[in-house]
Amino acid sequence: MAPIAVGDTIPEGTLSYFDENDQLQQVSVHSLAAGKKVIIFGVPGAFTPTCSLKHVPGYVEKAEELKSKGVAEVICISVNDPFVMKAWAKTFPENKHVKFLADGSATYTHALGLELNLSDKGLGVRSR
Amino acid sequence: MAPIAVGDTIPEGTLSYFDENDQLQQVSVHSLAAGKKVIIFGVPGAFTPTCSLKHVPGYVEKAEELKSKGVAEVICISVNDPFVMKAWAKTFPENKHVKFLADGSATYTHALGLELNLSDKGLGVRSRRFAILVEDLKVKAANIESGGEFTCSSADDVLKAL
C-alpha cells in the first residue's frame, strides 16, 4: 500500500484503548475524525527514547494551541497493545488532550501504508 | 511444538534487555542457565493486571528465599519488546533479583511450545502464564496455566518444588 498522501481520504479502521473505568474500548477512526479537523501522529514504539522524550511531549505541550486553531482531536497511535499504551500515557501526567490509541496488530498502520520493519531491533512491524 | 515438560532440556534461544547503561544486549538462555538452578516464568503481557499485580510481585518478594535455596537466576519473559520490558521492570523498584527479558518476536516462547493466541484481545501471539524450574538445562518442574488463570505458576508454587 502506498503511503497516505495529501488529498487522500483516510481509511476507516479500529483502534483500541482503556477508558477511565479500565474498560477496553474499540473506536472507529472515521467516528473520531468525520466532520472535524484532527491530527494523527504515529510513533515506532511506546517507551522508546525519541517517542517518549521528544515526539509526544511536543504534542502534549502544544495541544492547547492546536485546539485553539480548530483541531478537535490529537491522536497518537503506535503498534503496541492497549495495556502498554495506557501505561505509557500515564508517564505524561500533564497531558490533557492527546489520545493514546493502540494499533496492536498494525492493521491501521498498514492501511495508511506507513509500516516500518524493525524486526532487526526486536520490535517487529511498527509505524513510521 | 509440544509444551516443554519435566525431563526435557530447555531449548537454546536469545532474549534481549537494556543494561544499566541503556545498551541493548542479547543473551543466550543456555549461557544463563547451564550448570545452574534457574526459574523462568512467563507472562502474557507487560503492564497487564494479573501479571503486574500478582504474578511478578510474588517473585520479587520471594527472590531472596529462592536464592537461599540455590536458585541462581529468576527470569521473567514476555512477548514484548525490550523498551517495554525495561519500563515495566521500573514499576517494581524494590526488585533486586528478577531479570526482565524480552522475547519480542515470541521465538523463545514458540521454542518452549508455550504460545497463547490473544489476537482477539488485541495482543497477538503471547506467552502462556507458566513457571519452570530448570537445573543444568533440564526441566525439573513445569507449572503451566491453561487460559488466563493463576493457579500453579506463582513463586509459592515453585518454592514447593525446591
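About the cut-offs
Residues numbered from 1 in each chain as written. Chains lettered and ligands numbered in written order. Predicted model: local features only at pLDDT ≥ 70, side-chain atom pairs only at ≥ 80, totals over all residues. Heavy atoms only, no water. Helix = DSSP H or I, 4+ residues; strand = E, 2+ residues; numbered from the N terminus. Buried < 20%, exposed > 50% of the residue type's maximum accessible area, 1.4 Å probe, protein only. Contact = heavy atoms within 4.5 Å. Areas by Shrake-Rupley, 256 points an atom, 1.4 Å probe, with all protein chains shown as cover. Lys, Arg positive; Asp, Glu negative; His and termini not counted. Charge placed at Lys NZ, Arg CZ, Asp CG, Glu CD. Salt bridge = Lys/Arg side-chain N within 4 Å of Asp/Glu carboxyl O.

Before we move on, could you go through the overall build of chain B and cite the residues and values that matter?
Scanning chain B from N- to C-terminus turns up 5 helices and 9 strands. Shown N-terminal to C-terminal, the secondary structure of chain B runs as helices and strands in the order β-β-α-β-α-β-α-β-α-β-β-β-β-α. Structurally, chain B occupies a C-alpha span of about 35 × 35 × 30 Å along its principal axes. Going through the 162 residues of chain B one by one, you find that 52% of them count as buried. Contacts in chain B between residues at least 24 apart in sequence constitute 64% of all its contacts with a sequence separation of at least 6. Roughly 7000 Å² of accessible area belongs to chain B as shown, and the carbon and sulfur atoms make up 50% of that amount. Charge-centre separation for chain B: the mean point of 17 positive side chains lies 3 Å from the mean point of 20 negative side chains.

Pulling in residues and values, what's your account of the pattern of salt bridges?
Residues and elements named next belong to chain B. Per the stated rule, a full pass over the model turns up 8 salt bridges over all chains. Residue Lys62 pairs with Asp156 through a salt bridge whose shortest N-O separation is 3.1 Å. Of the two residues, Lys62 sits in helix α2 (residues 49-68) while Asp156 sits in helix α5 (residues 155-160), which places them 94 residues apart along the sequence. Residue Lys62 is classed as partly exposed on the basis of its relative accessible area, which comes to 23%. By relative accessible area, which is 42% here, Asp156 ends up partly exposed. Lys99 is paired through a salt bridge with Glu73; the nearest N and O atoms lie 2.8 Å apart. Note that Lys99 is positioned in strand β5 (residues 98-102) and Glu73 in strand β4 (residues 71-78), a separation of 26 residues in sequence.

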